Protein chains: 2
Amino acid sequence: MRVYNFSAGPAQLPLPVLKQAAAELTDWQGSGMSVLEVSHRGKDFVACAADAEAAFRRVAGVPDNYRVLFLAGGATGQFSAIPMNLAAPGATAAFINTGQWSKKAIKEAARQGVNVVTVADESASSYTTTPEPGSFTVPADAAYLHYTPNETIGGVEFPYVPDADDVPLVADFSSTYLSRAIDVERFGVIYGGAQKNLGPAGLAIVVVREDLLDRARPDVPAIWDWKVMAGADSMLNTPPTFSIYLLGLILHWIESTGGLEAMGERNRAKAERLYAAIDASDFYTNPVEPRSRSWMNIPFTLADPALDADFLAGADAAGLTNLKGHRSVGGMRASIYNAMPDDGVTALIDYMTEFERTRA
Amino acid sequence: MRVYNFSAGPAQLPLPVLKQAAAELTDWQGSGMSVLEVSHRGKDFVACAADAEAAFRRVAGVPDNYRVLFLAGGATGQFSAIPMNLAAPGATAAFINTGQWSKKAIKEAARQGVNVVTVADESASSYTTTPEPGSFTVPADAAYLHYTPNETIGGVEFPYVPDADDVPLVADFSSTYLSRAIDVERFGVIYGGAQKNLGPAGLAIVVVREDLLDRARPDVPAIWDWKVMAGADSMLNTPPTFSIYLLGLILHWIESTGGLEAMGERNRAKAERLYAAIDASDFYTNPVEPRSRSWMNIPFTLADPALDADFLAGADAAGLTNLKGHRSVGGMRASIYNAMPDDGVTALIDYMTEFERTRA
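Quantities reported herein were computed from a predicted structural model and do not represent experimental measurements. (Residues numbered from 1 in each chain as written. Chains lettered and ligands numbered in written order. Predicted model: local features only at pLDDT ≥ 70, side-chain atom pairs only at ≥ 80, totals over all residues. Heavy atoms only, no water.)

### Details of the relation of the copies chain B and chain A
Of the transformation superimposing chain B on chain A, the axial component is 0.0 Å and the angular component is 180°, with the fit at an RMSD of 0.0 Å. On this basis, the relationship between the two copies can be described by a two-fold rotation axis. Every residue of chain B has its C-alpha some distance from the rotation axis, and the shortest such distance is that of Ala22(B), at 2.2 Å. Interface residue correspondence from chain B to chain A reaches 100%, placing this contact among same-surface, isologous pairings. (Least-squares fit on C-alpha atoms with pLDDT ≥ 70 in both. Contact = heavy atoms within 4.5 Å.)

Structure representation (structure tokens):
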């Protein structure tokens, strides 16, 4: 019995992918070995990693002048690696602060000695907004502008790509990676952990424009040295092989379901239906300004917080799990990533409607 | 059909562990979710990680004044993290150089600005030796002494634990982790990647004495800040959850087979049988001085290198895979980690004997 799993991450994965991984976990491609057991330098795994990269490039539409890196340590590791790769100590780096993940990125960059300039800060709205386009100015000498396209905790998503002029734009796509088509050429660096839309925890996928590969500090750790890793096909050391293998399966699944245009339409429709249900009710509330509402993470509160525990217990019993909101926000949060089917959203809306009818 | 897989890493895993992981990959513990899909902060996974740590402590005999950390980035990441955690820029760190992995650790430490003092260097023997006990002096002001108990490529293993007096001893156990009982109290820090004896690639296990947690540089990346990670039960950020889950299964498998004393006896016996077969023949040669021969990685050459390709092709056909030696050493290498059964070593010896009889 599978449930609908609304976890913010690690998160629900496509069932066909899990079934294939399970079926071949003791004997991969007739090798008599698990994919967990093969050398990353053997021809079979090298082909597997190359296939995952090629599929990522096809699905995301990555231009030839960008490198795709598979690195260990997740997005939090890249919070440290980004300033190490792009900014000398004391150099200015610009940030847009839209919530907790923005703040973590800022904290780590400051720890690496960059001069943090926060060009826009949405704390006044309790992080329920994104800045208006054109409402902020990026210092021309900034090494980069960093922003968080989707804030997993606040459920706030940029409805546009910020304009940074000639300053390289760096974006933490962790919680909205490949959720829809994007124009990669707008960005200097796209990065994120895989564990929401793209597989198990432990893998960071970094897409970096080639002209940015010459800016690293001499003391950047080798496993985060983008140029070294680009030259080594991400295999300077042993990479997280199982994560790369599953990433490949998930990318093929995305292609089999119509690619990112179709994925984006499904994700938009899922989110719109859930927001419509929330907005049609006085019992449920989403705090985010409508234009900045996330397609991926949808927080909502009940009119009477005393009912939260009953709501969650009933949801669990109905096979709708991990709906409890982040401790810093409270209430509920439904994370509906790529692998959440339409039926899961329908089941949640039906449950919410019935709960309100009987308990409000 | 499973083969005997002599890969140096990622490497053969216990079949019962793979079967259990496959059986529950779509529904873990009756949750209706995969272990790949659950939040690292949910009670089920928190219990899973706590169980893995407790099992590690039991199996390895970790005293209470040591912390066990599960970190991303493998041993190569720790090559950077160790000086960041233990030595200020310019401080002296001592190293024993017994081969390629020692050299990588030294290179990364130098990149982090420590004053590298190599107290013993086995390059003169082409890395077929370890230094005699007492033959080297560790500077009393060294922040730590680093060594590599087992060199995966050269097949060289220390038959003793070096004496560093009051200098903290730091050991890269990647390729011999939990292969036998050790006295943890001899060490300041034990670390290693999991992908030889302890699971899939992507996880570093760091065992650190608590009094060493106060020495980190202010700019150590948060995900490698041992003190921060010790305070967060290794969950400052999303850890490599699947690797931790599999580590737990493997530790329980080690316990079910008698623990580290029994494991060490089996590993000793496997290695002795293979070395005996090599030494009894003029056709096969192992270059390592007998007292420093690895129990884990056994390189050997054929008298006539022109037969190498035939040897490997015949081995593959006999279900004995990944025997090709490292490109820097040539010949063959049989890695016989914990999960390689006695029968695998017997099958290899039988094949070697028959190959010599028919082709020498």
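### Structural notes on the side chain of Gln195(B)
Take Gln195(B): it is sitting in the loop between strand S9 (189-193) and strand S10 (203-209). Among the polar contacts listed, one links the side chain of Gln195(B) to the side chain of Thr238(A), at a separation of 3.3 Å. (Helix = DSSP H or I, 4+ residues; strand = E, 2+ residues; numbered from the N terminus. Polar contact = N/O pair within 3.5 Å; in protein donor to acceptor, adjacent residues only side chain to side chain.)

### Some details on the UniProt feature "binding site: pyridoxal 5'-phosphate" (unreviewed entry) in chain A
The feature "binding site: pyridoxal 5'-phosphate" (unreviewed entry), as annotated in UniProt, sits at Ala75(A), Thr76(A), Trp101(A), Thr152(A), Asp172(A), Gln195(A), Asn237(A) and Thr238(A) in this numbering. Annotated residues spanning 164 residues; largest pairwise C-alpha distance 30.7 Å, indicating distribution over more than one region. With respect to the helices, strands and loops of the structure, Ala75(A) is situated in helix H3 (residues 74-86). Relative accessible area serves as the criterion here: at 10%, Ala75(A) is assigned to the buried category. Beyond its immediate sequence surroundings of up to four residues, Ala75(A) is in contact with Asp172(A), Ser174(A), Tyr191(A), Gly192(A), Gly193(A) and Ala204(A). By secondary structure assignment, the location of Thr76(A) is in helix H3. Excluding its chain neighbours within four sequence positions, the residues that come into contact with Thr76(A) are Trp101(A), Ile223(B) and Asn237(B). (UniProt positions renumbered as here; feature names shortened; annotations may be inferred. Buried < 20%, exposed > 50% of the residue type's maximum accessible area, 1.4 Å probe, protein only.)

### Section: the domain arrangement of chain A
All names here are of chain A. On domain assignment, one finds that chain A holds domain 1 (15-256) and domain 2 (259-359). When each unit is reduced to the centre of its C-alpha atoms, the spacing between domain 1 and domain 2 is 27 Å. Facing the 31 residues of domain 1 at the interface are 25 residues of domain 2. Contact between domain 1 and domain 2 buries roughly 2100 Å² in total, counting both sides, with carbon and sulfur atoms accounting for 54%. Taken as a group, Thr128, Ile153 and Arg180 account for 22% of the area that domain 1 buries against domain 2, more than any other trio of residues on that side. On inspection of domain 1 and its partner domain 2, the count reaches one salt bridge. (Domains from an automatic or database assignment. Buried area = accessible area lost by both parts, 1.4 Å probe. Salt bridge = Lys/Arg side-chain N within 4 Å of Asp/Glu carboxyl O.)

### Points about the interface of chain B and chain A
With 59 residues of chain B at the contact, the number on the chain A side is 59 residues. Overall, the association of chain B and chain A removes approximately 4300 Å² of surface from exposure, summing both partners, and the carbon and sulfur fraction of that is 59%. Connecting chain B to chain A are four salt bridges. For Glu37(B), the salt bridge identified is with Arg2(A), shortest N-O distance 2.7 Å.

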